[in-house]
Amino acid sequence: MSVKVFDTQEVQDLLKAAANIGADSGNARLQQIVHRLLGDLFEAIDDLDITPDEVWAGVNYLNKLGQDGEAALLAAGIGLEKYLDVRLDAADKAAGTDGGTPRTIEGPLYVAGAPLREGVSRIDINEDADAGPLVIRGKVTDTDGKPVANAIVECWHANSKGFYSHFDPTGAQSSFNLRGAVKSGPDGAYAFHTLMPVGYGCPPQGATQQLLNGLGRHGNRPAHVHFFVTSAAHRKLTTQFNIEGDPLIWDDFAYATREELIPAVVEKTGGAALGLKDDAYKDIEFNVTLTPLVQGKDNQIVSRPRAAATA
Ligand code: DHB
Ligand code: FE
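Residues numbered from 1 in each chain as written. Chains lettered and ligands numbered in written order. Predicted model: local features only at pLDDT ≥ 70, side-chain atom pairs only at ≥ 80, totals over all residues. Heavy atoms only, no water.

It is worth spelling out the packing of aromatic side chains at this point. Applying the stated criterion across every chain yields a total of nine aromatic pairs. Among the aromatic side chains, those forming a connected cluster through ring pairs are Tyr190, Phe192, Phe227, Phe241 and Phe286. Here lysine 236 stacks its cationic end above the ring of phenylalanine 228, 3.6 Å away from the centre of that ring. (Phe/Tyr/Trp six-rings, centres within 6.5 Å; stacked < 30°, edge-to-face > 60°. Lys NZ or Arg CZ within 6 Å of the ring centre and 35° of its normal.)

Following this line, the structure appears as structure tokens:
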């Protein structure tokens, strides 16, 4: 059915009517965005001759996506969240506000409200027989290399099954297991005592994995640890590091890997003295460089729905 109707007056009028373009009510920005996205969709239907069956399969997919609560997971998996980072990187470069530790995606699994500790926090609350002890530590500095005291370093990561507390389908973890917040010391130092994560995989029956299956893609991430780092005189940093050696480091379904975000994993002993569960442990030094505010403002605060809990 190779017909082309997109450029007709009827369809262009339909698009304007659907988005309510030019009306004196409604949100003009929303009208503009809906008009453009709907137009791009209509045009794609024309160009690719997308059939009614395919359109209804897509509409139904959106229902499943919502029922599964996976829209933000899908955003990571289709590269949308990475694309926002690419744009933020380019904006920083153009404005000369680049430098510092590279950003990478937040992902959908942050939970606000982790208890704040001074300098060091032990965040492995639940036992995990399959996970060995891990110390994550480093210094927060500014772009001149000066220590940043009183920065809030938040981290969150998966357990040995690849599940995050609060979102764990097995119910095995209490709130804030493997999630923490520490205030950096006068020398900028922070540390987390935790357990080694493994990579995350999308829920196998969920809408995200369903789409990935259709694309012939996997839905797995290498083992990683997420961070937010905030400080009064600096811009918020949203980042992650990957666990060195994970086979999926350069095959992350969410495209979050960056060369600068793969710190060395060092085998150490002396864990008993630190109160870790074994004397042998893994140590990762992850130093963080924050960039200054821009005209007194933090332009890196992203507003998005996030889970929250009380510890
Ligand atoms: C997803 C999961 C993660 O652990 C993450 O860091 C990013 C994305 C996801 O399921 O989309
Ligand atoms: Fe994650």
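Turning to the site of ligand 1, a few remarks are in order. Residues in contact with ligand 1, as listed here, are Leu73, Ala76, Ile105, Gly107, Pro108, Leu109, Tyr164, Tyr200, Arg221, His224, His226 and Phe253. Residue histidine 224 places a side-chain N or O atom 3.1 Å away from an oxygen atom belonging to ligand 1. Histidine 226 has a polar side-chain atom sitting 2.8 Å from an oxygen atom of ligand 1. In this structure, ligand 1 is accommodated by the largest cavity. Looking at the shell around ligand 1, its residues break down into eight nonpolar, three polar and one charged. (Near = heavy atom within 4 Å. Polar contact = N/O pair within 3.5 Å; in protein donor to acceptor, adjacent residues only side chain to side chain. 1 Å grid on protein atoms, 1.4 Å probe; cavity = no way out; pocket = protein on both sides within 12 Å on 5 of 7 lines; lining within 4 Å. Sits in = over half its atoms within 2 Å of the grid points. Nonpolar A, V, L, I, M, F, W, Y, C, P; charged D, E, K, R; others polar.)

This next bit is on the domain arrangement of the protein chain. What the domain assignment reports for the protein chain is domain 1 (9–50) and domain 2 (74–308). Averaged C-alpha coordinates put domain 1 and domain 2 at centres separated by 39 Å. (Domains from an automatic or database assignment.)

A few words now on the pairing of strand 5 (residues 152–157). Along any regular strand, the residues point their side chains to alternate faces of the sheet. The buried fraction of strand 5 amounts to five of the six residues, a majority that puts the element mostly inside the structure. Alignment of strand 5 against strand 6 (residues 179–183), held across five bridges, turns out to be antiparallel. Across the sheet, tryptophan 156 pairs through a bridge with arginine 179, a residue of strand 6. Strand direction decides the pairing type here: strand 5 and strand 8 (residues 224–230), joined by six bridges, are antiparallel. The residue bridging isoleucine 152 from the neighbouring strand is threonine 230, located in strand 8. (Buried < 20%, exposed > 50% of the residue type's maximum accessible area, 1.4 Å probe, protein only. Helix = DSSP H or I, 4+ residues; strand = E, 2+ residues; numbered from the N terminus. Pairing = 2+ DSSP bridges.)

Our next topic: the UniProt feature "domain: Intradiol ring-cleavage dioxygenases" (unreviewed entry) in the protein chain. Under the UniProt annotation, "domain: Intradiol ring-cleavage dioxygenases" (unreviewed entry) lies at residues 136–164. For residues 136–164, the helix share is 0%, the strand share is 45%, and the end-to-end C-alpha distance is 18 Å. (UniProt positions renumbered as here; feature names shortened; annotations may be inferred.)

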